[in-house]
Structures are given as structure tokens and as C-alpha cells.
Amino acid sequence: MKKKSDWQVLLTEFIEEHKETPFAWGKWDCCIFANAALKAISGKNVIPKELKWKDEATAMKAIKDYGKTLNGALSKACKEAGLETIQPAFATAGDLILFKEESELAGIHDGFNILAPTDDGIATKDPSLTIKAWRVPRG
């Protein structure tokens, strides 16, 4: 997996296109959102094809079966997809972020904040919430 040469434009277009898309388990949750953003900038999925869910219960089961926790599942999927683990302090636009609010969540860094889906569309989250970060290598 490598970033496309115009990945910054593609990320900006992706964010603009989806800024009002509301959260929906299995359709537009934090993992689907982050995967879609990474696909926009690289052309490839990070989530393995065999992982599917339709609601919170099946999402939690898929995470547990695949990697025990969201951190474990993301770490496993990122390793298989060829993403590089980076120090959270060095995260920047286009990086996959694992962050913690009430629970662990996935998001995408926009260069300033973490972006994640909510019921009202994409919201910004403070980068200080970052637990772990991964980067798609440059093409």
C-alpha cells in the first residue's frame, strides 16, 4: 500500500464529500470511515475483506475475533497492509489514528486534528487523545 501522488488533494476531496455523512454501524462507523479515507489516498483497503459487521454487537465481535481489541485489530490490519507505525507526536495529514474518548476509536489526521464520524457528520477531536498512529508510505 502506497500513497498516490495526489493524495493530499484526494484526502481534501474525501473530507469535503463526507463531512455531513452521519455515523452508522457497518456503513459509516469509525473503522469504515478511516478505511474509506485510506482507500481514497492509496486505492487500497486496510480492512480485510472477510471482516464485516452490521451493528455494534457484530462490530465488537469482529474486532474481538480479529485482534481482541481495536488496538490489536488495527495493528494487525495495518501490518498486513504495509502501513508504518509512527510516534503519535509525529502524526499528520492522512495518518490513521487510534484515539481514546469513552472507548478506543479510529480516525484520520487532517494535519491539525483527528477526524471521526459522529451522528452529525465528521467531527474534529483533539490530537492529544491519540494512543497510536500509522502512516501509509509514500508512493
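Let me begin by describing the structure that accompanies this report.

Parameters and conventions
- Numbers given to residues run from 1 along each chain, matching the order in which its sequence is written.
- Per-residue local features are limited, in this predicted model, to residues with pLDDT of at least 70; the limit for side-chain atom pairs, both in listing and counting, is 80 or more; totals at the level of whole chains, interfaces and linings are taken over all residues.
- To obtain the side-chain values, all non-hydrogen atoms of the structure were used and water was disregarded.
- Counting from the N terminus, the helices are DSSP H or I runs at least four residues long and the strands are E runs at least two residues long.
- Residue burial is assigned from relative accessible area. The probe radius is 1.4 Å, only protein chains are included, and a residue is buried under 20% of its type maximum, exposed over 50%, and partly exposed in between.
- Areas reported as accessible are Shrake-Rupley estimates using a 1.4 Å probe. Residue values count occlusion only from the protein chains shown.
- Charged residues are defined here as Lys and Arg on the positive side and Asp and Glu on the negative side; His and the ends of the chain fall outside this count.
- Where a charge sits is defined by one atom per residue type, namely NZ (Lys), CZ (Arg), CG (Asp) or CD (Glu).
- Strands pair, by our definition, only if DSSP identifies at least two bridges between them.

## Considerations on the overall build of the protein
Scanning the protein for helices and strands turns up 4 helices and 6 strands. Listing the helices and strands of the protein from first to last along the sequence gives α-α-α-α-β-β-β-β-β-β. Taken over the C-alpha atoms alone, the protein extends approximately 35 × 30 × 30 Å along its principal axes. Classification of the 139 residues of the protein by burial places 45% in the buried group. Summed over all atoms, the accessible surface of the protein reaches about 7700 Å², with 53% contributed by carbon and sulfur. Between the averaged position of the 20 positive side-chain charges in the protein and that of its 20 negative side-chain charges there is a distance of 9 Å.

## Comments concerning the pairing of strand 2 (residues 96–100)
Counting buried positions along strand 2 gives 4 out of 5 residues, so the element sits mostly inside the fold. In the sheet, strand 2 pairs with strand 3 (residues 104–109) via 5 bridges, with the strands oriented antiparallel. Note on strand 3: the bridge partner recorded for Leu98 is Ala106. Here 4 bridges tie strand 2 to strand 6 (residues 130–135), and the two strands are oriented antiparallel to one another. Bridged to Phe99 within strand 6 is Thr130.

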